[in-house]
Amino acid sequence: MKKLVIVFGICVFASCSHISQRSGLTSRNEVVAFCDRKIHMTMSQMASVTDSMPRNVLDGQSRWNLRPNTPEEWCGGFWDGCLWYDYALTGKQDVLAAATLTGNQLLYLATAPVFDHDLGFLVITSLLNGYRLSPDRATRDTYREALLACADSLATLFNPQVGTILSWPRNVAMFGGHNTIMDNMLNLELLFWAAEETDRKDLFNIAVSHADTTMTYHFRPDGTCYHVAVYDPVTGAHKYNCTHQGYADESVWARGQAWAIYGYTMVYRYTREPRHLAMAQKAADIYLRMLPDDAVPFWDFNDPRIHDQCPRDASAAAIVASALYELSQYVEHAQASAYREEADRMLHSLSTAYLAPKSSHAILAHSTGHHPAGSEIDAAIIYADYYYLEALYRKQHN
Ligand code: GLY
């Protein structure tokens, strides 16, 4: 308890002037109570909604803007995931009921044609968390069957010539080839999990091939990553790298780097291959060196405005905090302490200057979704809340 009070009690202020300097939450119990209150506000908003999921809360709003629950909406699983983690943190039965009900609304994905790689995000955050956290045997069995079917669907996007999953089938012409984005690393968890559940070596090999090919072509020598890699779908040759959501092709998009850190940490959980741990650490170490004082990154580390009103990305901070709690389990003692301290620092910062106002249904403010498209800039976005809750859970359990 003493340790937790110290962690949330340090006073750190954001250096960016549009980030308000709130007094913040000073204990773990306060943090969990704050989150649980927001979850219940959203549960009220969602009480009679069956066909949509929360996506964002924009400037001046307090309620979630919803998006239809379809395979095209990549964020469709995060609200269910928030419910599962809130249930894990509080044990509340009404939250468990809402988590199960919301998870059930995503079961259709087991028989829907795969739209793109985000099928992984959709069901890992929802059904896989439900499978791991639900106390109900029938729910776990139902989710397990659905997850295994989704793993098979996701695997159909794998191109053996290239060695990776095609992230966006709809964008092959636009990029001039088989495109793989760094975000796709997260979706390998579905394949690794299914391989472990069923002893399916083919799914394991696809995931390892994707991770290894991405390691070869998606990183710069310093450990920063590109957002997109494009390959010839027939010969498998790597053609070029570029960005889609970052500032420039050669810039470091903060959430892309966060996906890399989280992705290789998770891959190491399943492979125990030193090269995957080394990649996770290299991606993490350069990210940590680039951070501003309050440990919440600018949306892109190379946006020239970083000294003047540059939007932050709280979601990247939450993703990395969650990843570092896991990564700290895999390294020797001194390094583990350093990673945990960094994760604590990120959580502390998020729990002070980056909280959404009390009236908002969201937990965190100040994330950036798709800056080049002018979308969700300095907004509350559902996946920031999801990874924040996951980080709180992992801080307690890892
Ligand atoms: N996977 C999409 C994003 O990170 O915005």
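What you see is a predicted model; the values in this text were computed from it and never measured. (Residues numbered from 1 in each chain as written. Predicted model: local features only at pLDDT ≥ 70, side-chain atom pairs only at ≥ 80, totals over all residues. Heavy atoms only, no water.)

### Some details on the side chain of Thr 243
Then comes step 1: Within the secondary structure, Thr 243 sits in the loop between strand S7 (238-242) and helix H10 (254-271).
Then comes step 2: Look past the residues within four positions of Thr 243 in its chain and what remains in contact with it is His 227, Val 228, Ala 248 and Asp 249. (Helix = DSSP H or I, 4+ residues; strand = E, 2+ residues; numbered from the N terminus. Contact = heavy atoms within 4.5 Å.)

### Brief notes about the packing of helix H8 (residues 188-198) against helix H9 (residues 201-217)
Then comes step 1: Look at H8 against H9: their axes get within 8 Å of each other, and the N-to-C directions meet at 150°. Relative to H9, the element H8 is oriented roughly antiparallel. You can see that H8 and H9 cross each other, and the crossing is left-handed. Contacts between H8 and H9 involve Leu 188, Leu 191, Phe 192, Ala 194 and Ala 195 from the first element and Leu 203, Phe 204, Ile 206, Ala 207, Val 208, His 210 and Ala 211 from the second. (Axes fitted to C-alpha atoms, helices over the stretch in contact; angles between N-to-C directions. Parallel < 35°, antiparallel > 145°, perpendicular 65-115°, else oblique. Left-handed = near helix turned anticlockwise from the far one by under 90°.)

### Here's the deal with the sheet that holds strand S6 (residues 228-231)
Then comes step 1: Reading across the sheet, the 3 strands line up as S5-S6-S7 and stay open at both edges, with antiparallel pairing between neighbours. Looking at strand neighbours, the two that pair on one side only are strand S5 (178-181) and S7, the edges of this open sheet. Recorded for the sheet is a direction-independent mean angle of 20° between the axes of neighbouring strands.
Then comes step 2: Looking at chain direction, S5 and S6 are connected through 4 bridges and run antiparallel. Residue pairing across strands places Ile 181 opposite Val 228, the latter belonging to S6. (Pairing = 2+ DSSP bridges.)

### Side note on the pattern of salt bridges
Any two side chains of opposite charge can pair, on the condition that their charged atoms come close.
Then comes step 1: Under the defined criterion, the tally for this structure stands at 23 salt bridges.
Then comes step 2: Among the ionic pairs, Arg 305 bridges to Asp 303, the shortest N-O distance being 2.7 Å.
Then comes step 3: Judged by its relative accessible area of 34%, Arg 305 is partly exposed.
Then comes step 4: Taking relative accessible area as the criterion, Asp 303 reaches 3% and is therefore assigned buried.
Then comes step 5: Among the ionic pairs, Arg 394 bridges to Glu 390, the shortest N-O distance being 3.8 Å. Of this pair, Arg 394 and Glu 390 both sit in helix H14 (residues 382-397), 4 residues apart, which is roughly one turn of the helix. With respect to burial, Arg 394 and Glu 390 carry one shared label: buried.
Then comes step 6: The network of salt bridges with shared partners includes Arg 132, Glu 189, Arg 269, Glu 326, Glu 390 and Arg 394. (Salt bridge = Lys/Arg side-chain N within 4 Å of Asp/Glu carboxyl O. Buried < 20%, exposed > 50% of the residue type's maximum accessible area, 1.4 Å probe, protein only.)

### Focus: the nonpolar core
Then comes step 1: Counting residues in each nonpolar core, the largest one holds 133 residues, and the members touching the most others are Leu 188, Leu 191, Tyr 387 and Tyr 388.
Then comes step 2: Every residue in contact with Tyr 387, bar those within four places of it in the chain, is listed here: Phe 78, Phe 121, Leu 186, Trp 259, Tyr 262, Ala 318, Ile 319 and Ser 322. (Core = buried A, V, L, I, M, F, W, Y, C linked by side-chain atoms within 4.5 Å.)

### So, the site of the ligand
Then comes step 1: All residues in the neighbourhood of the ligand are listed as Trp 74, Asp 183, Gln 245, Trp 253, Arg 255 and Trp 259.
Then comes step 2: One nitrogen or oxygen atom from the side chain of Gln 245 is found 2.8 Å from an oxygen atom belonging to the ligand.
Then comes step 3: In this structure, an oxygen atom belonging to the ligand sits 3.0 Å away from a side-chain N or O atom of Trp 259.
Then comes step 4: When the ligand sits alone it has 200 Å² of accessible area, and the protein chains cover 93% of it.
Then comes step 5: Split by residue class, the shell around the ligand holds 3 nonpolar, 1 polar and 2 charged. (Near = heavy atom within 4 Å. Polar contact = N/O pair within 3.5 Å; in protein donor to acceptor, adjacent residues only side chain to side chain. Areas by Shrake-Rupley, 256 points an atom, 1.4 Å probe, with all protein chains shown as cover. Nonpolar A, V, L, I, M, F, W, Y, C, P; charged D, E, K, R; others polar.)

### Some words on the environment of Leu 277
Then comes step 1: Here Leu 277 lies in helix H11 (residues 274-290).
Then comes step 2: Spatially, the C-alpha atom of Leu 277 lies 8.7 Å from that of Val 331, the residues being 54 residues apart in sequence.
Then comes step 3: Not counting the four nearest positions on each side in its chain, Leu 277 is found in contact with Tyr 268, Leu 327, Tyr 330 and Val 331.

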